[in-house]
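# Summary of structural features
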Amino acid sequence: MKDKKLELGVSGEKMVENREKYVGNKENGIYVSTMRTKEKQEEKKVGKRMKRIVESEEESSSSEKTKKSLKKSKKMNKKENIKTIECDSEYFNTGNENLYREKPTFTLDQNMINNYEKNKSMTKEMVNSIREKKSKKILKSKQSNNLKNETSENIEIKKEIDEKSIKTEKKLKKKHKSQEKELNSEELKNEESLRSKEEEEDYKWWEQQQGDGTIKWKTLEHNGVLFPPPYEPLPSYVKMKYKGEPISLPPEAEEVAGFFGAILSSEQYVKNPTFQKNFFHDFQETCKKTNAPVIPEKFEYCDFTPMFEYFEKKKEEKKNKSKEEKKKIKEEKDALEEKYKYCFLDGRKEKVGNFRIEPPGLFRGRGDHPKTGKLKTRVVPEQVIINIGKDSVIPSPPPGHNWKEVRHDNTVTWLATWNENVNNNVKYVFLSAGSSLKGQSDLKKYEKARELKLYIDNIRKQYRKELEDKLMEVRQRATAMYLIDLFALRAGNEKGEDEADTVGCCSLRYEHISLSPPNTVVFDFLGKDSIRYYNEVQVDPQVFKNLKIFKRSPKTEGDMLFDRLNTSKLNNHLTSLMPGLSAKVFRTHNASYTMSEQLKNTPKDASISDKVLAYNRANRMVAILCNHQRTISKTHSAQMERIEDKILALKYQKIRLRKAILTLDPKLEKSRPDLSEAVSDIDEDWIKEHQKVLIEKEYDKIKRKFQKDNEKLISQNETPMPESRLEKFLEKINEMKEEFKIENEKGRVESKTRGITIEKLDLQIKKINERIHQMKALMIDKDQNKTTALGTSKINYIDPRLTYAWCAKYGVNIERVFTKTLREKFAWAASTTADWEF
DNA sequence: TTATTCACTTAGAAAGCCCCCC
DNA sequence: GGGGGGCTTTCTAAGTGAATAA
């Protein structure tokens, strides 16, 4: 098999190797980092200040401003007794071109250039006037309580939805008149085409001209959000135990205990001390608040297993329900949800994404999140803000409740929002991934990533030059850009103390990289979702030198590597290089570029499966580049073993076929040494063991068939076969045993096929070799995929037009690589032709 | 300049479902 | 035909980055 080298950035192949190195150490899918202590934080602050002083001296020669800062720093040094250190002024030779991946060659789509020019011509005044409109439009409105009652609504949903599209169309026409004044002529053109398109079932927004994107909709109708059902207390015989005794709890406290009891089998949370501590604190609080007869004092005395067992029993019962029952339950659920599933955006029916309000539960923060396990309380309508069209019917809140607010803001895409209590994060209800709004922003994102190709050469030239800049801030920025560009690192915003300690490029700390001369850098840190990023790479000598400076004493563990940089500064600079450029654009660009390069390795004359395999391989390269990981499935090793067994069985078949050839023509032993060659992984002992298994299997098979046939005869009121018949069938077993005996002792295998020839046997060996090869490839593929998640890059980073173009070019059905949801999400890319390039 | 807010994208885990093999 | 494995979908946590407030 040809060994294909990666063309990922600096050292994609190395990265695959590096991934393998640490993969085995992962526990529960999460790496736990060492917690920063308060002292460390204090140290960090002092360190930061010291660093500023160091650099201000270094930069002193360049400007008036820096002279002042030098004075200031010297003053401070005197005061705080801190030594200043000079910046290393010797330079290494730069220009290690190998470190850069090949310069991309591409043809630029005329459409893209047009769009870009149009964007440029969008004046500031226009933006301001839209903003002004936006602020005026955010008005609080009174809620309408005179809506139809809910039950009748449920029954008439379908009718209602059909009627609505007609209604909305009428409304839209009315509204157009009043809006005309506000729209510029281009937008008006969009309107016209929109209106004509409304009659069509599938609205192809990508065939229309798009506005600047500030106004997200003109009319918006929806039915609000679906609240989770109220808590149903457990049967009285199900009680948690405290100090070994069952205790009764008020429903509210019982619910919280149940949240913990329900997840007893998921060790990664239940065994986590922070999770336990946070849960227990909130559980105690709930008990106190609800005047529970027993207020648990120690977590250790709590036993939630009765609850756990009850939930498991319920699950089992649900699973064992008949098909009809299950169908009925699903239908009821669907009917309840139907009205929330869709909304009308500018009169067109669109799918809503997460219309369900998140149910209460325990916050499952990842990694070392300090708040993991805390109680996520039930959300009430009074917390929820509804965003809806001005003239639309306002959905009624659940009986006896009110919405927090009803807004009519058409500059945003959310339908509802609320604040979650644990981290005070804002939650939104958005449209689904397949909606026109999401599609438009996806297209925009990929076009931006493609646009970067126009600028990338100059950007690289510039940051390479700036790697040697005298201003520390500039040098840090250039180094960070190098890392983001080559290793697809995330920007790395700063995080709070009450969050998990994870980092990205700008927030890298002293301990996250280690340097070994001449130019090897080892990255080892926890990134988004506390997923470990480990990569050993060779970098540009100047980058190595810079990193060494950024790590220089007095910096130590806990100190920022890029103490002069943050994401805001970095992105400001990036925008000045290309409109709309930010750190994340590099990641998209890098991923799609890698994919397009990797797809070029697809074999042209191979089978569809082989082509799909090549696609997945390319996909995996992107996933590795972006460090998209998943936990190894529980069944992985069993799966691997099974494939291995199949390979061995095939190898054994091969051995038998060879023996059959030699049995036909013993003279061939000398002229064809390949027929007596040893086969790897197989020895005599294994063969004997395998033969035993084969005999057992055959025995079971015959017996099962006999039983089944008899059952059939009985059901047809016919006489079943006597046991003697089975004996007769089982004679085959003896024949097999005899065959194996001759094979093992004399090396003879008689082929049972009539008219068998050596040519035919050779052909069979060839086919078996092919199957072994396929199996091995599958095994390698599976093993390499065990910790790599391909989905994330497919959904978020790889331009779907690459996939559609690839399918067209290689004659592969899109269904082989995109699921239904993905095809919906990327409908805008479906008509991409084979010659399209990223 | 820095911190906060807001709106959105990106992410892995868990749940759900479907299909293949015994 | 049913049980389980694996693929797909759903869920919601955790990022990014622009705008705004202090």
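Counting from 1, residues in each chain are numbered in the order their sequence is written. All chains are assigned letters beginning at A, and all ligands numbers beginning at 1, according to the order in which they are written. Per-residue local features are limited, in this predicted model, to residues with pLDDT of at least 70; the limit for side-chain atom pairs, both in listing and counting, is 80 or more; totals at the level of whole chains, interfaces and linings are taken over all residues. Only hydrogens and water are set aside when side-chain values are computed; all heavy atoms of the structure are taken into account.

Labelled according to an unreviewed UniProt entry, chain A appears under the name DNA topoisomerase I, originating from Pneumocystis carinii. UniProt positions are given in the numbering used here, feature names are shortened, and annotations may be inferred rather than shown by experiment. Listed under Sequence similarities (unreviewed entry) in UniProt, the entry text for chain A is "Belongs to the type IB topoisomerase family." In the Catalytic activity (unreviewed entry) part of its UniProt record, chain A is described as follows: "ATP-independent breakage of single-stranded DNA, followed by passage and rejoining."

### Here we look at the sheet that holds strand β14 (residues 520-526)
Here, strands pair whenever DSSP counts at least two bridges between them. Only DSSP runs of H or I covering at least 4 residues are called helices, and only runs of E covering at least 2 are called strands; the numbering of each starts at the N terminus. Ordered by their spatial adjacency, three strands build an open sheet running β13-β14-β15, and the pairing between neighbours is antiparallel. With partners counted over all chains shown, the strands left at the sheet margins are β13 (513-516) and β15 (532-538), one partner each. For this sheet, the mean angle separating the axes of adjacent strands, direction not counted, is 10°. Bridging between β13 and β14 involves four bridges; their strand directions are antiparallel. In the strand pairing of β14, Ser516 is matched with Thr520. Residues count as neighbours in contact if any of their non-hydrogen atoms are within 4.5 Å of one another. Axis lines are fitted to C-alpha atoms, over the contacting stretch for helices. Their N-to-C directions set the angle, which ranges from 0 to 180 degrees. Contacts from helix α16 (residues 541-550) reach β13 and β14, with the element oriented near 120° to β13.

### Section: the domain arrangement of chain A
Residue ranges labeled as domains rest on an automatic or database domain assignment. On domain assignment, one finds that chain A holds domain 1 (241-320), domain 2 (325-432), domain 3 (438-593), domain 4 (602-630 + 785-829) and domain 5 (637-776). Just the C-alpha atoms count here: the centres of domain 4 and domain 5 sit 39 Å apart.

### So, the UniProt feature "coiled-coil region" (unreviewed entry) in chain A
What UniProt calls "coiled-coil region" (unreviewed entry) maps, in this numbering, to residues 312-339 and 726-778. Taken end to end, residues 312-339 is 89% helix and 0% strand, and its first and last C-alpha atoms sit 32 Å apart. End-to-end, the C-alpha atoms of residues 726-778 are 40 Å apart, and along that stretch the chain is 79% helix and 0% strand.

### Some remarks on the nonpolar core
Counting 43 residues, the largest nonpolar core has Ile459, Leu483, Phe487, Leu489, Leu508, Phe523 and Phe562 as its most contacted members. Of all the secondary-structure elements, those providing two or more residues to this core are α14 (436-466), α15 (472-487), β14, β15, α16, α17 (567-577) and α18 (583-599). Element by element, the count of residues in this core is highest for α15, at nine residues. If we skip the residues at most four places from it in the chain, Leu483 touches Ala488, Leu489, Cys505, Leu508, Phe523 and Phe562. Here, nonpolar core means buried Ala, Val, Leu, Ile, Met, Phe, Trp, Tyr and Cys residues that are tied together by side-chain atoms lying within 4.5 Å of each other. Exposure categories follow from relative accessible area, calculated using a 1.4 Å probe and restricted to protein chains: below 20% of the type maximum is buried, above 50% is exposed, and the middle band is partly exposed. One finds Met595, Tyr797, Ala805 and Val812 within the second-largest nonpolar core, a separate group that totals 31 residues.

### Quick notes on a positive patch on the surface
A surface patch of positive charge is lined by Lys313, Lys314, Lys318, Lys321 and Lys333. Looking at the positive patch, the element that brings in the most residues is helix α12 (residues 305-319), giving three residues. Position of Lys313 relative to the elements: it lies in helix α12. Each patch is assembled from residues with relative accessible area greater than 30% and no salt bridge, linking like charges that lie within 9 Å and nonpolar side chains (Val, Leu, Ile, Met, Phe, Trp, Tyr) that lie within 5 Å. A 1.4 Å probe and the Shrake-Rupley method give the accessible areas. Residues count as covered only by the protein chains that appear here. Each salt bridge in this description consists of a side-chain nitrogen of Lys or Arg and a carboxyl oxygen of Asp or Glu lying within 4 Å of one another. As used throughout, the charge tally considers Lys and Arg to be positive and Asp and Glu to be negative, leaving His and the chain termini uncounted. The location of each charge is read from NZ of Lys, CZ of Arg, CG of Asp or CD of Glu.

### Notes on a negative patch on the surface
A cluster of acidic residues, Asp683, Glu684, Asp685, Glu689, Glu696 and Asp700, forms a negative patch on the protein surface. Mapped onto the fold, Asp685 is located in helix α22 (residues 684-715). Take Asp685: its relative accessible area is 59%, and that puts it in the exposed class.

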